[in-house]
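# Chains, contacts and geometry: an overview
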Amino acid sequence: MFKIALSAGHYLKTAGKRCLKKLDKNETREWVLNDRICDKIEEKLKAYDGYQLLRVDDTTGATDVSIANRCKKANSWGADFYLSIHHNAGINGGTGGGVVAYTYTNVDVKTASWQKELYDAIIAKTGLKGNRSTPLAKANLAECRLTNMAAVLLECGFMDSATDVPVILTEEYADKLATACVEVIVKKGKLTKKVVVEQPTTGAVYRVQVGAYSVKANAEKLVESLKKDGYDAYITT
Ligand SMILES: [Zn+2]
């Protein structure tokens, strides 16, 4: 069972964490954007088996779960991978930006490969490459430092970039980004596609032909066992 800890960065009311007003009149909060992507990751993972997922933030956005507590939850739960979703700032209304994937300063090969595969998949799907000189960054970020497992923090575009904001506000962008994350999680976590068994509509009648291409004795045996199970009324030979 592959265990994923998922964190939507900050909470709804974290001061300052929002889109720049002149680029987004709603000043969309960072947590709202982070949470939308996390929800989509959760939803898309439901098509797979072989994993467990723990949201370490408050999914209502109402309370601020501290970074230390998020990491503590993931550590005590025994997560195999920790993914934190954020949106960046620092461009002040200029252009450029793009996606940046962070790990802690000193990481093993496994964590570095999560970082690279996530970044590559996201850029391939969304095209939000931006202009950062080190989009595969290493930094002393608490969420990466305090977690015991492979951890990646994604900055999914700049909330104060004239080029990023119109993109990151769209549902389509969030959807593509979540799809990219899920693809990487499925591959690296060795998740399997769920087998969907179609349930017949109530009252539907199906005609099943037995023995057309099989050995007569086998067909007769099947008919006998169906009769024994009480299906005589439905059998025509
Ligand atoms: Zn953030």
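This report concerns the structure included in the present document. (Residues numbered from 1 in each chain as written. Predicted model: local features only at pLDDT ≥ 70, side-chain atom pairs only at ≥ 80, totals over all residues. Heavy atoms only, no water.)

## Thoughts on the coordination of the zinc ion
To keep it simple, the criterion reads: Donor criterion used throughout: N, O or S atom within 2.8 Å of the metal, extended to 3.2 Å for Na, K and Ca. Water excluded; incomplete-looking sites may result. Any coordination sphere not matching a tetrahedral pattern (four donors, all angles between 85 and 135 degrees) or a square planar or octahedral pattern (four or six donors, opposite donors over 155 degrees apart, other angles between 65 and 115) is reported as irregular. The numbering of helices and of strands both runs from the N terminus, where a helix is a DSSP run of H or I of at least 4 residues and a strand a run of E of at least 2. Residue burial is assigned from relative accessible area. The probe radius is 1.4 Å, only protein chains are included, and a residue is buried under 20% of its type maximum, exposed over 50%, and partly exposed in between.
Protein coordination at the zinc ion comes from His10 (NE2), Glu30 (OE), Glu30 (OE) and His86 (ND1), with a distance range of 2.1 to 2.8 Å. Considering all 4 donor atoms around the zinc ion, the spread of angles at the metal, 51 to 143°, places the coordination shape in the irregular class. Mapping the donors of the zinc ion onto the primary sequence gives the spacing H-x19-E-x55-H. Of this pair, His10 sits in the loop between β1 (2-8) and α1 (30-45) while Glu30 sits in helix α1, and the two are 20 residues apart along the sequence. Taken as a pair, His10 and Glu30 share a single burial class, namely buried.

## Some remarks on the sheet that holds strand β3 (residues 51-55)
Filter applied, for reference: Two strands qualify as a pair provided DSSP detects at least 2 bridges between them. Inter-axis angles, ranging from 0 to 180 degrees, are taken between N-to-C directions of lines fitted to C-alpha atoms, where helices are fitted over the stretch in contact. Whether two residues touch is decided by their heavy atoms; if any such pair falls within 4.5 Å, the residues are in contact.
Spatially, 6 strands are ordered β3-β1-β4-β7-β5-β6 in an open sheet, and the strand pairing comes out mixed. In this open sheet, the two edge strands, each paired with only one partner strand, are β3 and β6 (136-138). When the angles between neighbouring strand axes are averaged without regard to direction, this sheet yields 25°. Where β1 meets strand β4 (residues 81-88), 5 bridges bridge the pair, whose relative direction is parallel. In the sheet register, Ile4 faces β4, and the bridge partner there is Phe81. Sitting on the sheet, α1 is in contact with β1, β3, β4 and β7 (150-158), with an inclination near 145° to β4. Relative to the sheet, helix α2 (residues 67-77) contacts β1, β3 and β4, its axis offset from that of β1 by approximately 175°.

## Focus on the pattern of salt bridges
Note the cut-off: Salt bridges, as used here, are contacts in which a Lys or Arg side-chain nitrogen is within 4 Å of a carboxyl oxygen on Asp or Glu.
All told, the structure shown has 14 salt bridges when counted by the stated rule. A salt bridge links Glu172 to Lys176; the shortest N-O distance between them is 3.0 Å. Remark: Lys176 and Glu172 occur in helix α6 (residues 171-188); sequence separation between them is 4 residues, near one turn of the helix. One salt-bridge network, held together by shared partners, links Asp35, Asp39, Glu42, Arg55 and Asp57.

## What about the side chain of Thr147?
This is how it is decided: Any pair of N or O atoms that falls within 3.5 Å is considered a polar contact. Within protein, one atom must be able to donate a hydrogen and the other to accept it, and sequence-neighbouring residues count only if both atoms are side-chain atoms.
Position of Thr147 among the secondary structure elements: in the loop between α4 (142-145) and β7. Here Cys144 takes part through its backbone oxygen, which lies 3.2 Å from a polar atom of the side chain of Thr147. Discounting chain neighbours no more than four positions away, the residues touching Thr147 are Cys71, Asn75 and Tyr82.

## Looking at the state of the cysteines
Where we set the bar: Cysteine sulfur pairs qualify as disulfides if the two atoms are within 2.5 Å.
The tally for this structure, following the rule as stated, stands at 0 disulfides. Cys144 takes part in no disulfide bond, and the closest cysteine sulfur to it belongs to Cys71, at a distance of 8.3 Å.

## Observations concerning the layout of surface pockets
Keep this limit in mind: Here the term cavity refers to a set of points on a 1 Å grid, laid over the protein atoms alone, in which a 1.4 Å probe fits but cannot get out; the term pocket refers to an open set having protein on both sides within 12 Å along at least five of seven lines, with lining residues being those that place an atom within 4 Å of a point. Grid points are joined across faces, edges and corners, and a volume is the space filled by probe spheres set on the points. Under the grouping applied here, Gly and all other residues not named as nonpolar or charged are polar, the nonpolar ones being Ala, Val, Leu, Ile, Met, Phe, Trp, Tyr, Cys and Pro and the charged ones Asp, Glu, Lys and Arg.
Its boundaries defined by the atoms lining it, the second largest pocket holds a volume of some 190 Å³. In terms of lining, the second largest pocket is formed by 15 residues, of which the most central are His10, Lys17, His86, Leu153 and Glu155. Elements that contribute at least two residues to the lining of the second largest pocket include exactly β4, α4 and β7. Of all the elements, β4 adds the most residues to the lining of the second largest pocket, at 3 residues. Of the residues assigned to the lining of the second largest pocket, the class counts are 7 nonpolar, 4 polar and 4 charged.

## Some points on the side chain of Ser7
Tracing the sequence through the fold places Ser7 in strand β1. If sequence neighbours within four positions are ignored, Ser7 has contacts with Cys38, Val56, Asp57, Arg70, Tyr82, Leu83, Ser84, Ile85 and Glu143.

## Some points on α2
For the record, the criterion: Directions are taken from the helix axis to each C-beta atom, and the arc is the one they span.
Residues of α2 that are buried: Arg70, Cys71 and Ala74. Along the long axis of α2, the arc covered by the buried residues comes to 95°, so they all point the same way. Projecting away from the buried face of α2 at angles above 90 degrees are the exposed residues Lys72 and Ser76. For α2, the elements touching its buried residues are β1, β4 and α4.

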